[in-house]
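Residue-level structure breakdown
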Amino acid sequence: MMTVGVQAQNVPVYLDESKPVEQRIDDALSRMTLDEKIAVIHAQSKFSSPGVKRLGFPDFWTDDGPHGVRPDVLWDEWEQAGQSNDSCVAFPALTCLAATWNPQMARLYGESLGEEALYRGKAMILGPGVNINRTPLGGRNFEYMGEDPWLASRMVVPYIQGLQSKGVAACVKHYALNNDEEYRHQVNVIVSDRALHEIYLPAFKAAVTEAGTWGLMGAYNLYKDQHNCHNYIMLNRILKGDWQYDGVVVSDWGGCHDTDEAIRNGLDMEFGTWTDGLTMGATNAYDAYHLALPYKRLIQEGKYTMKELDDKVRRVLRLFYRTTMQRQKPYGFLCSESHYEAALKIAQEGIVLLKNSLIPGSSPKGEGGRRLLPLDLSTAKRILVVGENAIKMMTVGGGSSSLKVQREILPLDGLAERLGNHHSQLMFARGYVGDTVQSYNGVTVGRSIAESRSAEELLQEAVEKAKGADYVIVFGGLNKSDYQDCEGHDRKEYGLPYGQDALIEALAKVNKNIVFVNISGNAVAMPWADKVPAILQGWFIGSEAGEALASVLCGDVNPSGKLPFTWFQRLEDCGAHALGAYPGTWREDYKIIDEEYREGIYVGYRWTDKQKIRPLFAFGHGLSYTSFKLAKPQASSKLLTADGQISFTVNVTNTGSRAGSETVQLYISDKHASVDRPVKELKAFQKVFLQPGETRDVTLTIGRDALSFYDEATHQWKAEPGKFEALIGTASDQIAAKCEFELK
Ligand code: BGC
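Residues numbered from 1 in each chain as written. Predicted model: local features only at pLDDT ≥ 70, side-chain atom pairs only at ≥ 80, totals over all residues. Heavy atoms only, no water.

The next subject is the overall build of the protein chain. In terms of regular secondary structure, the protein chain is built from 19 helices and 30 strands. By principal-axis analysis of the C-alpha atoms, the protein chain measures approximately 85 × 70 × 65 Å. Per-residue burial over the protein chain gives 63% buried out of 744 residues. The contacts in the protein chain between residues at least 6 apart in sequence include a share of 75% that link residues at least 24 apart. When the 80 basic and 93 acidic side-chain charges of the protein chain are each reduced to a single mean position, those positions are 4 Å apart. (Helix = DSSP H or I, 4+ residues; strand = E, 2+ residues; numbered from the N terminus. Buried < 20%, exposed > 50% of the residue type's maximum accessible area, 1.4 Å probe, protein only. Contact = heavy atoms within 4.5 Å. Lys, Arg positive; Asp, Glu negative; His and termini not counted. Charge placed at Lys NZ, Arg CZ, Asp CG, Glu CD.)

Encoded structure:
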């Protein structure tokens with residue numbers, strides 16, 4: 001025992017686990033040389049930065065991305081490293097996670113991903129992304145959590161907590177205002193303070209102040225003419241000042257442009273700076289990064305003291321203690337069954353049943369009327385599957401979130417597996433050709449989907465086969481190829497690509513039992529929506545896609561997803577487009593494009609509500625195979641005091657014959673305000689699972705925050721006393737009850 005005590009005394013403070021972390025950081029910092037300090041604040045390879053070998057801090061490895069752990073690339077190249085142990089489980093893209101409206105799913109997601117990251121030796125995952133879906137053209141919306149700041153906030157917090165519970169840092173991205181991809185390095189966003197604080201920042205704020213994220217990535221674009229990776233207002237004032245963020249700010253790859261700004265304006269770790277043009281004859285290009293030798297020289301020349309550098313290094317050391325130096329970490333697991341189960345569960349909960357009409361001729365009233373879905377396998381003899389998306393892998397492509405999966409069950413295979421020896425005859429017709437390139441960034445899918453027949457031949461084949469089929473299930477949508485939900489560019493149009501509209505119209509003419517399964521991370525135009533009785537939103541849902549979709553189509557799982565964004569009828573129904581506020585206006589020198597968010601706070605349903613536009617499918621919409629009844633809500637009071645809370649209890653009953661989940665949503669409406677306010681804003685929700693006939697109380701509680709707006713005059717959140725209404729329902733356009741109350 002004595003010896004142990006003596007040894008403990010000899011352990012330097014920075015290694016002494018009994019000492020408070022901040023003390024250990026101070027001690028480590030005091031031992032580091034200038035070179036060691038400079039080394040830890042910039043990359044040494046595509047995805048790593050050095051530790052401090054002399055002191056025993058390991059190198060720091062990070063990796064994309066939000067939906068699974070990206071395969072390893074070479075040290076200094078984007079090509080695959082060709083490892084045999086970097087195939088992962090692909091979890092559903094974050095739009096699907098958001099569509100679960102279930103924070104427990106987000107926790108499960110974060111935990112499972114964290115275990116995969118641990119196995120792969122990654123100390124930080126570059127995600128989750130919470131940029132607001134401002135336009136359905138946004139190329140990376142699929143990686144984000146929808147249009148609503150409250151929903152995104154509630155979902156991002158447990159994701160981060162789950163991930164970090166495994167000792168793996170989150171790096172929430174892209175902070176901020178990176179709401180579209182087109183010209184992402186040159187866009188200068190002009191936005192009101194109100195919209196910034198009410199719409200675009202809340203999910204980041206929750207990630208910082210509630211989840212305590214250890215990492216945050218600056219965005220590529222500019223705000224007030226300054227790049228977000230070294231933006232004084234965004235990083236120094238809001239993030240590190242107002243929100244007291246104690247983690248690291250990481251540059252997006254190639255997002256750092258200016259040494260002085262990087263030093264002064266809050267960037268802590270520089271990654272991915274383009275190496276061409278930055279060679280400067282140094283031993284390697286990483287030495288030429290802004291936060292490498294250029295910074296060191298400026299310190300040596302006396303332009304900067306150690307003040308800024310020590311703050312950055314302190315944050316990096318804190319990150320080390322939280323991750324690589326944390327000895328209590330659990331073990332990692334790669335492709336474990338529990339991860340597949342998590343991926344499947346999240347996918348099943350996130351799939352949204354957008355439309356499900358009664359079958360003509362079946363009794364239209366009550367339970368007697370039968371709807372098209374789920375498939376009636378007791379009578380169906382022939383089921384026709386149409387569409388490239390039934391046979392195309394979706395985990396490969398789309399940009400930095402692209403993965404190398406151990407397995408991905410395709411929709412057609414999932415259905416074939418589910419139907420098994422069932423007497424239904426499962427047929428397939430390609431229907432259209434979209435993108436047949438089955439590889440991305442060096443990851444190649446083993447199976448070819450090349451097709452030589454003409455569009456006309458493919459359409460004819462599908463129509464012929466559809467004629468005698470009991471059901472026609474079309475898997476279409478987008479596919480993560482360029483301009484089709486992909487990083488780097490936005491979509492060019494709202495409509496479906498590859499002639500899908502004509503195909504769907506032609507099929508609907510010859511077969512009434514048509515189901516359209518839309519695979520995408522965005523809404524798409526559906527001019528044929530009234531001719532297609534059943535529509536399912538299938539997202540990009542990862543490894544278990546086929547199984548998840550089959551389970552919902554066949555009714556093994558009752559769908560319960562709700563849209564995390566508004567599904568506009570037409571692109572012009574979206575505020576940004578109605579006001580011509582996308583993609584912006586180039587300045588004379590063609591270097592910067594100003595994108596003014598003219599719609600202000602009126603994003604998504606806030607816009608359609610204000611303009612009284614009926615969307616094709618509303619925010620929060622999603623059907624079930626059962627039915628629910630909401631009783632009149634009971635309010636805990638008619639008055640809300642400044643620091644109090646008010647609860648609304650709603651009795652929910654499953655009135656159908658299947659078990660299922662409903663999500664009760666509470667929106668707040670401010671009756672009289674000194675500023676213009678949205679018709680309503682989501683401020684609470686809860687998902688409840690009910691057996692047939694079961695009844696349960698759901699209680700939604702709000703405080704004064706839920707009534708506040710961001711006051712541009714005082715730069716404070718403000719709730720004005722007066723009358724408010726709580727609107728309670730099952731979608732933003734399905735409000736079952738309104739309860740008036742007053743804020744004192
Ligand atoms: C993307 C980031 C990503 C990074 C590293 C960038 O191009 O914008 O989201 O994490 O690359 O791959």
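At a closest axis distance of 10 Å, the pairing of helix 5 (residues 103-119) and helix 13 (residues 337-350) adopts a crossing angle of 150 degrees. Taken together, the axes of helix 5 and helix 13 are roughly antiparallel relative to one another. The two elements helix 5 and helix 13 meet at a crossing, and its hand is left-handed. Touching Met105, Leu108, Tyr109, Ser112, Glu115 and Glu116 of helix 5 are His339, Ala342, Lys345, Ile346 and Glu349, all from helix 13. For the contact of helix 5 with helix 13, the class distribution of residues is five nonpolar, two polar and four charged. (Axes fitted to C-alpha atoms, helices over the stretch in contact; angles between N-to-C directions. Parallel < 35°, antiparallel > 145°, perpendicular 65-115°, else oblique. Left-handed = near helix turned anticlockwise from the far one by under 90°. Nonpolar A, V, L, I, M, F, W, Y, C, P; charged D, E, K, R; others polar.)

Take the packing of aromatic side chains next. As enumerated under the stated definition, the model contains 30 aromatic pairs in all. On the numbers, 5.8 Å between centres and 85 degrees between planes, the contact of Tyr605 with Tyr667 is edge-to-face. Note that Tyr605 is positioned in helix 19 (residues 605-611) and Tyr667 in strand 24 (residues 660-670), a separation of 62 residues in sequence. No difference in accessibility class separates Tyr605 from Tyr667, as the two residues are buried. In this arrangement the basic side chain of Arg154 is found over the ring face of Trp150, its NZ or CZ atom lying 4.5 Å from the centre. Above the ring of Phe540, the side-chain terminus of Lys480 is found at 5.1 Å from the ring centroid. (Phe/Tyr/Trp six-rings, centres within 6.5 Å; stacked < 30°, edge-to-face > 60°. Lys NZ or Arg CZ within 6 Å of the ring centre and 35° of its normal.)

With mixed pairing, five strands are arranged side by side in an open sheet as 22-30-29-24-25. What marks the edges here is a single partner per strand, and that holds for strand 22 (639-640) and strand 25 (681-690). (Pairing = 2+ DSSP bridges.)

The subject of this paragraph is the side chain of Gln226. Within the secondary structure, Gln226 is located in strand 8 (residues 226-227). Those residues in contact with Gln226 that lie beyond four places of it in its chain are Asn221, Asn231, Tyr232, Glu261 and Asn265.

Here the focus is the pattern of salt bridges. Pairing is possible between side chains of opposite charge, provided their charged atoms come close. Per the stated rule, a full pass over the model turns up 59 salt bridges. Where Glu198 meets Arg194, a salt bridge forms, and the shortest distance between an N and an O atom there is 2.8 Å. Here Glu198 and its partner Arg194 are both found in helix 7 (residues 193-200), four residues apart, which amounts to about one turn of the helix. One salt bridge in this structure joins Arg696 and Glu694, with 3.3 Å as the shortest N-O distance. A residue is classified by how much of its surface remains accessible, and Glu694, at 25% relative accessible area, is partly exposed. Connected through shared salt-bridge partners, Glu388, Arg430, Glu451, Arg453, Glu461 and Lys465 make up one network. (Salt bridge = Lys/Arg side-chain N within 4 Å of Asp/Glu carboxyl O.)

Moving on, we come to the confidence of the model for the protein chain. Taken residue by residue, the protein chain gives an average pLDDT of 95. The fraction at 70 or more is 97%. The model gives residues 1-6 a pLDDT under 50, and that stretch makes zero contacts with residues more than four places away or in other chains. (pLDDT = per-residue confidence, 0-100.)

This part covers the environment of Tyr220. Among the secondary structure elements, Tyr220 is positioned in the loop between strand 6 (215-218) and strand 7 (222-223). Linking Tyr220 and Asp252, residues 32 residues apart in sequence, is a C-alpha distance of 6.4 Å. Discounting chain neighbours no more than four positions away, the residues touching Tyr220 are Asn178, Arg184, His185, His227, Asp252, Trp253, Gly254 and Gly255. Polar side-chain contacts of Tyr220 include one of 3.4 Å to the side chain of Asp252. Among the polar contacts listed, one links the side chain of Tyr220 to the backbone oxygen of Trp253, at a separation of 2.6 Å. (Polar contact = N/O pair within 3.5 Å; in protein donor to acceptor, adjacent residues only side chain to side chain.)

Attention shifts here to the environment of Asp376. Turning to its location among the elements, Asp376 is positioned in the loop between strand 10 (352-356) and strand 11 (382-386). A sequence separation of 178 residues divides Asp376 from Cys554, and the C-alpha atoms of the two residues are 7.5 Å apart. Excluding anything up to four places from it in sequence, Asp376 contacts Arg370 and Tyr471.

Close contacts around the ligand come from 14 residues, with Asp64, Arg140, His174, Tyr220 and Asp252 the closest. Here His174 contributes a side-chain N or O atom positioned 2.7 Å from an oxygen atom of the ligand. When the ligand sits alone it has 310 Å² of accessible area, and the protein chains cover 95% of it. Residues of the shell around the ligand, tallied by class, amount to five nonpolar, two polar and seven charged. (Near = heavy atom within 4 Å. Areas by Shrake-Rupley, 256 points an atom, 1.4 Å probe, with all protein chains shown as cover.)

What follows deals with the environment of Cys486. Within the secondary structure, Cys486 sits in the loop between strand 15 (471-477) and helix 16 (500-510). Spatially, the C-alpha atoms of Cys486 and Glu143 are 9.5 Å apart, while their sequence positions differ by 343 residues. Contact partners of Cys486, with chain neighbours within four places excluded, come to Gly139, Phe142, Glu181, Gly398, Gly399, Lys480 and Ser481.

Positionally, Ser520 belongs in the loop between strand 16 (514-519) and strand 17 (534-537). Within the local environment of Ser520, its side chain forms a polar contact with the side chain of Asn518, the two groups lying 3.0 Å apart. Once residues within four sequence positions are removed from consideration, Ser520 is found in contact with Leu478, Asp485, Gln537, Trp539 and Phe540.

In terms of residue burial, strand 16 counts as a mostly covered element, since six of its six residues are buried. Alternating residues of strand 16 divide into Ile514, Phe516 and Asn518 and Val515, Val517 and Ile519, and every residue in both groups is buried. Bridge count between strand 15 and strand 16: six bridges; the pairing is parallel. The partner of Ile473 across the bridge, within strand 16, is Val515. In terms of handedness, the path from strand 15 via helix 16 over to strand 16 forms a crossover that is right-handed. Of the pairings in the sheet, the one linking strand 16 to strand 17 comprises four bridges and is parallel in character. Paired with Val515 across the strands is Ala534, a residue of strand 17. (Right-handed = clockwise from strand over helix to strand, strands pointing away.)

The subject of this paragraph is the nonpolar core. Grouped together as the largest cluster of nonpolar side chains are 120 residues, with contacts concentrated most on Phe57, Leu97, Tyr175 and Leu177. Broken down by element, this core gets its largest block of residues, eight residues, from helix 6 (residues 149-164). When near neighbours in sequence (up to four residues on either side) are disregarded, Leu97 contacts Met105, Ala106, Tyr109, Met145, Met155, Tyr159 and Ile346. Leu344, Ala347, Ala462 and Ala548 belong to the second-largest nonpolar core, a separate cluster that totals 85 residues. (Core = buried A, V, L, I, M, F, W, Y, C linked by side-chain atoms within 4.5 Å.)

This paragraph deals with helix 14 (residues 411-419). Within helix 14, burial applies to Pro411, Leu412, Gly414, Leu415 and Leu419. Seen from one end, helix 14 has its buried residues packed into an arc of 160 degrees, which puts them on one side. On the buried face of helix 14, the contacting elements are strand 11, strand 12 (425-429), strand 15 and helix 17 (545-553). Directly after helix 14, the chain includes Gly420, whose backbone phi takes a positive value near 45 degrees. (Arc of directions from axis to C-beta.)

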